[in-house]
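# Architecture and fold: a report
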Amino acid sequence: FLSSADWMTRNLSRRVELLFPIEDPEIAERIQLTMQLYLADHEKSWQLNPDGSYSRNKTDEKPLKAQEILKTLEYTSNKDYNLKLQTILKK
């Protein structure tokens, strides 16, 4: 399922929100891979600490910029998109 809001009372009680199923397996995989890509993006990421403060994530890994990858990614179908993202995420 995808939803247009976080599941907070104020969003569910005082607003019109959408919730809908993802029934096509290729689309579901595409969404999952896109989320994995964004979660792997550590270029400008921060960590929420137990005390409520934030600290910048530091890594020696090569920077991964999700938006840059998606802006330049060329594909002809969901299957092609999924294969290309799988390849990028394995690097």
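Let us look at the structure shown here. Model, not experiment: these values are computed from the prediction. (Residues numbered from 1 in each chain as written. Predicted model: local features only at pLDDT ≥ 70, side-chain atom pairs only at ≥ 80, totals over all residues. Heavy atoms only, no water.)

## Describing the environment of Leu 39
Inspection of the secondary structure puts Leu 39 in helix α2 (residues 25-40). Sequence separation of Leu 39 and Arg 56 is 17 residues, and the distance between their C-alpha atoms is 15 Å. (Helix = DSSP H or I, 4+ residues; strand = E, 2+ residues; numbered from the N terminus.)

## Overview of the pattern of salt bridges
Tallying each qualifying case throughout the model produces 2 salt bridges. Here Glu 68 and Lys 71 are joined by a salt bridge, their closest N and O atoms 3.3 Å apart. Of the two residues, Glu 68 and Lys 71 are both situated in helix α3 (residues 66-72); the distance of 3 residues between them amounts to about one turn of the helix. One salt bridge connects Asp 80 with Lys 84, and the closest N-O pair in it is separated by 3.9 Å. Note that Asp 80 and Lys 84 are positioned in helix α4 (residues 78-90) at a spacing of 4 residues, about one turn of the helix. Given a relative accessible area of 32%, Lys 84 falls into the partly exposed group. (Salt bridge = Lys/Arg side-chain N within 4 Å of Asp/Glu carboxyl O. Buried < 20%, exposed > 50% of the residue type's maximum accessible area, 1.4 Å probe, protein only.)

## Observations concerning the environment of Glu 26
Topologically, Glu 26 is positioned in helix α2. Relative accessible area serves as the criterion here: at 33%, Glu 26 is assigned to the partly exposed category. Residues Glu 26 and Tyr 81 lie 55 residues apart in sequence; the distance between their C-alpha atoms is 9.7 Å. Setting aside anything within four residues of it in sequence, one finds Glu 26 in contact with Asn 78, Lys 79 and Asn 82. (Contact = heavy atoms within 4.5 Å.)

Keep in mind these numbers describe shape, not what the thing actually does.
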